Amino acid sequence: MANPTPDSIDVTYVADLVRMKLSPEETATFQKQLGDVLGYISQLKEADLSRVSLLGEEDMTNRLRADEVRASLPVADALANAPKQENNLFVVPKIVD
Amino acid sequence: METASLTIPELRRKLSSGEVRPREVVDHLASRIEAVDPKIKAYVHLNVEKARAEADKANPALPLGGVPIAIKDVINVKGDPCGCASKILEDYVAPYDATVITKLRRAGAILFGRTNMDEFAMGSSTENSSRGPTHNPWDLERIPGGSSGGSAAAVAGHEAFAALGTDTGGSIRQPAALCSCVGLKPTYGRVSRYGLTAFASSLDQIGTFTKTVEEAALLLEIIAGHDTRDNTSGEQPAPAYTAALKTGVKGMRFGVPKEYFIAGIDPEVEKAVRTAIDEYRGQGAEIVEVSLPHTKYAVAAYYIIATAEASSNLARFDGVRYGRRVQNPKDILDLYGRTRAEGFGPEVKRRIILGAYVLSSGYYDAYYNRAQQVRRLIADDFRQAFKKCDALLTPTSPTPAFKLGERMQDPLQMYLADIFTIAVNLAGICGVSIPCGFTSAKLPIGLQIIGPKWGEEAILRAAHAYERATPWHKEKPPL
């Protein structure tokens, strides 16, 4: 594709997907900055990928271990940084009515 | 010679002979830090009493017995904060030790000080820190590099004997070059990532900052090795990296990739690196020109893959189990939305958004999938080059340290600082930056030596041979 027009990021939509409540100023600034970055990374569309299939498989095997219980982080330590906890549970606002 | 300026072998000799006691070492270092860190700001956390207590129990017979080591604030040390230079983890205290910490402790090291960094390791200047920037010891108005700028500045400023850092796109090698010290990024999988706060899981590696190559080899021996708690760590046994260090480079072949000597490099940087290449020739190595044709796509591929992985890895910071939680959340979405908006800095937010976008429906193939394929081509470029040579020689950074604030408004310009280091992470291979000179303004210049997977012995051997013949590693900043 010669000179493809870069896509653009809908920062408001993606910020919602990633659960970040941006300010209007941030949204506007990021829209511009990420537009520039996206323009740059879009040059990847020109890369010739035809050789990739000739490269063969990477040497990777899944390493499994026996399904045995091992010591893990004690509950008290796991809760030590909790903003709010009760009965060994993390407390959050009600999610379902 | 000031105690704080000793190398680790020199320090160990004095500890073994009893000439200096471990507690005195901590005190000397604490004095040095007190004297210069108000200007350098390499440290974000220091517990002198805790270090003294560890020093009192130190065993100088161990490989690092009584030797203080600084830790980048992204690696978990039980009982210490692990802030990752982020507001979202301001009050977080690590409940466990990272594997590298367990290994350092077993070797007798004293963990002393946590160093500044770009937030969640995202940056090339240490200006993205929630704690303010670190200053380059050679020119306090300039950046130390990033994201491990604190570790680099501490070692270069003789405020630490050695420091751990992390390298995802160049975050050890680039600051090492800008601060004039030895920065080693091991092969992906050489060092366990268990206990390292993840940024990009297929790219992150813990590595070292030291004044000399021998110290890098010594530290690597201690932190390298398979870890059952990190399934990406390699089962390749770790050799004694200090053993083959002094063999010299006669008969070695070094490749010079033409794509790394393009227009846009600072002429003084290019001159210093070409002079270093001549030094190798003079020592009996053969120099061959090689080509890494997909180099031009490396930064683009990285900013797709790394941000995609980051958007996933940083989803855990949601105010639920640890870290900051916003006050009076209306509901769960408000809790997430405001916690993350208030807790993350702008660069982190940008990368999370970009990363989620390139993974999102309709864009995954054009961006993420494509970038991973380009990544394979980049890795193959190196594989082909290593058929013709044992290691590659390149500049580490296209420019010396730039001024604080200079690139903060232009993220893309900032990203290009990593143009020579980034492909090494994508390929999962090893690289070390060593000092190779200074500019006329006395700013450090780094030479990068790149090796194949598990090729640390070759690059350390090459690095040592150059260091032995040159004066750069003995220079100290005027502080």
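A. The environment of Thr27 of chain A, seen in detail. Residues and elements named next belong to chain A. Within the secondary structure, Thr27 is located in helix H2 (residues 24–41). Residues Thr27 and Val11 lie 16 residues apart in sequence; the distance between their C-alpha atoms is 6.3 Å. Beyond its immediate chain neighbours, meaning those up to four positions away, Thr27 contacts Val11, Thr12, Ala15 and Leu22.

B. Inspection of the interface of chain A and chain B at higher detail. On the side of chain B, 46 residues touch chain A, which itself brings 39 residues to the contact. Looking at the side of chain A that touches chain B element by element, the count peaks at seven residues for H2 of chain A. Taken together, the residues of the side of chain A that touches chain B sort by class into 27 nonpolar, three polar and nine charged.

C. Region of the structure containing the sheet that holds strand S6 (residues 205–210) of chain B. All names here are of chain B. Read across the open sheet, the 11 strands follow the order S1-S3-S2-S4-S6-S5-S10-S11-S9-S7-S8; overall the sheet is mixed. Since the sheet does not close on itself, it has two edges, and those belong to strand S1 (43–45) and strand S8 (286–290), each with one partner. Averaged over all pairs of adjacent strands, the angle between strand axes in this sheet comes to 30 degrees, irrespective of strand direction. Pairing of strand S4 (residues 162–167) with S6 involves six bridges; the strand directions are antiparallel. Along S6, the bridge assignment pairs Thr166 with Ile206. Packed onto the sheet, helix H7 (residues 213–223) meets S4, strand S5 (182–185), S6 and strand S10 (430–438) and runs at close to 145 degrees relative to S6.

D. How the structure looks around the pairing of strand S9 (residues 391–395) of chain B. Residue and element names in this part refer to chain B. The buried count for S9 comes to five of five residues, which makes it a mostly enclosed element. Along S9, one buried face is formed by Ala391, Leu393 and Pro395 and the opposite face, lined by Leu392 and Thr394, is buried too. With two bridges joining them, strand S7 (residues 253–257) and S9 adopt parallel strand pairing. When the bridges of S9 are listed, Gly255 appears paired with Leu392. By the bridge criterion, four bridges tie S9 to strand S11 (residues 444–451) in an arrangement that is antiparallel. Within S11, the residue paired with Pro395 across the bridge is Leu447.

E. Structural detail: the packing of helix H9 (residues 298–313) of chain B against helix H11 (residues 346–359) of chain B. Residues and elements named next belong to chain B. Where H9 contacts H11, the two axes come as close as 7 Å, and the packing angle between them is 100 degrees. On the basis of their axis angle, the class for H9 and H11 is roughly perpendicular. Of H11, the residues touching H9 (which contributes Tyr303, Ile304, Thr307, Ala308, Ala310 and Ser311) are Arg351, Ile352, Leu354, Gly355, Ala356, Val358 and Leu359. Grouping the amino acids of the contact of H9 with H11 by side-chain chemistry returns nine nonpolar, three polar and one charged.

F. Structural detail: unusual backbone geometry. Here the bond from Gly146 of chain B into Ser147 of chain B is cis, since omega is 10 degrees, no more than 30 degrees from zero. Following the sequence through the fold, Ser147 of chain B ends up in the loop between strand S3 (110–115) and helix H5 (149–156). Of note, the phi angle at Asn87 of chain A is positive, near 50 degrees, even though the residue is not glycine. As for its position among the elements, Asn87 of chain A is in the loop between strand S1 (85–86) and strand S2 (89–90). For Ala121 of chain B, which is not a glycine, the phi torsion comes out positive at approximately 65 degrees.

G. Spatial organisation of the confidence of the model for chain B. On average, residues of chain B carry a pLDDT of 97, and 100% of them reach 70 or more. Across the interface, the model reports ipTM at 0.93; the global pTM reads 0.97.

The rules behind these values
Residues numbered from 1 in each chain as written. Chains lettered and ligands numbered in written order. Predicted model: local features only at pLDDT ≥ 70, side-chain atom pairs only at ≥ 80, totals over all residues. Helix = DSSP H or I, 4+ residues; strand = E, 2+ residues; numbered from the N terminus. Contact = placed C-beta atoms within 7 Å. Nonpolar A, V, L, I, M, F, W, Y, C, P; charged D, E, K, R; others polar. Pairing = 2+ DSSP bridges. Axes fitted to C-alpha atoms, helices over the stretch in contact; angles between N-to-C directions. Buried ≥ 20, exposed ≤ 12 C-beta atoms within 10 Å, placed from the backbone. Parallel < 35°, antiparallel > 145°, perpendicular 65-115°, else oblique. pLDDT = per-residue confidence, 0-100.

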